[in-house]
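# Overview (structure and organization)
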Amino acid sequence: MVLLFDVGNTHTTVALTRNGKEFEKYRLSTVRYETEDELYAFLKSFYKEYIENIPIVVSSVVPSINVIFEYFAEKYGNGQVYFVNALGYDKIKWNVSYPKEIGADRVADVIAAYKDYGENCIVIDYGTAITIEVIKDGSYEGGAILPGFAMMINALFKGTAKLPLVEIKPYNGFIGKDTESNIQIGTINATVGAIKYVIENIVKEYQTQPVIIHTGGQSVFVKDIVEGIVDKDLTLKGMYYFYEETKNSTR
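Residues numbered from 1 in each chain as written. Predicted model: local features only at pLDDT ≥ 70, side-chain atom pairs only at ≥ 80, totals over all residues. Heavy atoms only, no water.

### Thoughts on the side chain of D6
Within the secondary structure layout, D6 lies in strand β1 (residues 2-7). Buried and unpaired, D6 has R27 as its nearest opposite-charge partner, separated by 8.2 Å. If we ignore the near neighbours within four places in the chain, the residues touching D6 are H11, T12, T13, S59, D105, T235, L236 and M239. (Helix = DSSP H or I, 4+ residues; strand = E, 2+ residues; numbered from the N terminus. Buried < 20%, exposed > 50% of the residue type's maximum accessible area, 1.4 Å probe, protein only. Lys, Arg positive; Asp, Glu negative; His and termini not counted. Salt bridge = Lys/Arg side-chain N within 4 Å of Asp/Glu carboxyl O. Contact = heavy atoms within 4.5 Å.)

### Observations regarding the pairing of β1
By the criterion of burial, β1 is predominantly enclosed, with 6 of the 6 residues buried. Burial along β1 is two-sided: the residues V2, L4 and D6 and L3, F5 and V7 are all buried. Direction of pairing for β1 relative to strand β2 (residues 11-17): antiparallel, over a ladder of 6 bridges. The residue bridging F5 from the neighbouring strand is V14, located in β2. (Pairing = 2+ DSSP bridges.)

### A look at helix α1 (residues 36-44)
All of the buried residues along α1 are E36, L39, Y40, F42 and L43. Summarising the axial view, the buried residues of α1 lie within an arc of 165 degrees, below the 170-degree limit, and thus occupy one face. Where α1 is buried, its residues contact β1, β2, β3 (24-29) and α2 (66-75). (Arc of directions from axis to C-beta.)

### Quick notes on the sheet that holds β3
With mixed pairing, 5 strands are arranged side by side in an open sheet as β3-β2-β1-β4-β5. The open sheet has two edge strands, β3 and β5 (81-83), and neither has a second partner. Averaged over all adjacent pairs, the angle separating strand axes in this sheet is 20 degrees, with direction ignored. (Axes fitted to C-alpha atoms, helices over the stretch in contact; angles between N-to-C directions.)

### Structural notes on the pattern of salt bridges
If you walk through the whole model with that rule in mind, you get 8 salt bridges. The closest approach of N and O atoms between D137 and K136, which form a salt bridge, is 3.6 Å. For D137, a relative accessible area of 53% gives the class exposed. The class of K136 is partly exposed, set by a relative accessible area of 23%. Among the ionic pairs, D231 bridges to K237, the shortest N-O distance being 3.0 Å. Here D231 falls in the buried class, since its relative accessible area comes to 5%.

### Things to note about the packing of helix α4 (residues 149-159) against helix α5 (residues 179-203)
Where α4 contacts α5, the axes come no closer than 10 Å and their chain directions differ by 150 degrees. Between α4 and α5, the angle falls in the class roughly antiparallel. Crossing handedness for the pair α4 and α5: right-handed. Counting all contacts with α4, which are made through F149, M152, I153 and L156, the residues of α5 involved are I183, G186, T187, I188, T191 and V192. Residues that form the contact of α4 with α5 fall into these classes: 7 nonpolar, 3 polar and no charged. (Parallel < 35°, antiparallel > 145°, perpendicular 65-115°, else oblique. Left-handed = near helix turned anticlockwise from the far one by under 90°. Nonpolar A, V, L, I, M, F, W, Y, C, P; charged D, E, K, R; others polar.)

### Side note on the nonpolar core
Of all hydrophobic cores here, the largest spans 31 residues; its most connected members are L4, V57, V84, W94 and I111. Those elements giving two or more residues to this core turn out to be β1, α3 (104-117), β7 (121-126) and α6 (234-246). Residues contacting V57, with those up to four places away along its chain left out, are V2, L3, L4, F5, Y82, V84, M239 and Y243. Ranked by size, the runner-up nonpolar core spans 24 residues in total, among them L28, L39, I56 and V81. (Core = buried A, V, L, I, M, F, W, Y, C linked by side-chain atoms within 4.5 Å.)

### Description of the environment of T128
Within the element layout of this structure, T128 appears in the loop between β7 and β8 (129-136). Judged by its relative accessible area of 29%, T128 is partly exposed. Along the primary structure T128 and T10 are separated by 118 residues, whereas in three dimensions their C-alpha atoms are 6.8 Å apart. Not counting residues within four places of it along the chain, the set of residues in contact with T128 comprises N9, T10, P147, G148 and M151. Within polar-contact distance, the side chain of T128 engages the side chain of T10 at 2.8 Å. (Polar contact = N/O pair within 3.5 Å; in protein donor to acceptor, adjacent residues only side chain to side chain.)

Pasting the structure below:
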């Protein structure tokens with residue numbers, strides 16, 4: 001068994017897996033836990049067994065809490081914690097200016113896309129920020145970052161006196177008749193349009209049609225709008241593949 005922590009700015013997905021294909025997973029607020037003991041107590045309410053004396057894999061974009069996982073591994077795991085990073089994975093060429101700066105979630109997405117879908121892929125991950133990854137001829141070529149849906153809606157709510165928080169979903173149309181639909185068009189619909197535009201221009205640089213993969217909790221919003229397939233466990237798979245490749249090397 002392997003225990004995975006996909007730590008995002010807003011939420012953390014915790015998953016238990018035997019093979020990197022099937023996951024028993026739960027989501028919690030990233031700010032919910034502050035010590036290894038609080039984290040252990042929280043997890044025991046979900047997992048009745050298996051979370052002790054097993055390796056831990058962490059994909060974190062919140063460096064300030066990474067030490068909690070080190071303490072957790074020492075006290076409750078088998079002492080081993082693997083932090084996903086580009087420099088620790090040499091099966092892919094990281095053809096960008098500063099590979100060490102690539103977010104761990106993006107690294108995991110690229111690893112899983114390459115391993116499961118081939119050497120020509122585009123990955124769009126819908127989280128607090130929306131990230132686009134480009135894999136061409138087996139090489140990671142970089143990508144793009146957009147504000148996430150919730151971030152845009154919250155920015156309008158916090159930056160104005162009267163605009164409300166609205167439900168995060170695309171609006172069926174492009175002429176809004178009320179404030180809610182106006183905001184949904186300007187945030188969700190417009191962002192989806194931007195994603196489509198970026199993908200269309202990236203594809204022009206490929207000689208063959210790449211596989212387009214959507215992942216992340218809000219990928220459900222675009223599955224019928226933007227070309228591609230949805231793989232909601234892509235990041236977790238990449239974390240497990242990273243572990244498989246690096247478990248026999250020095251951490």
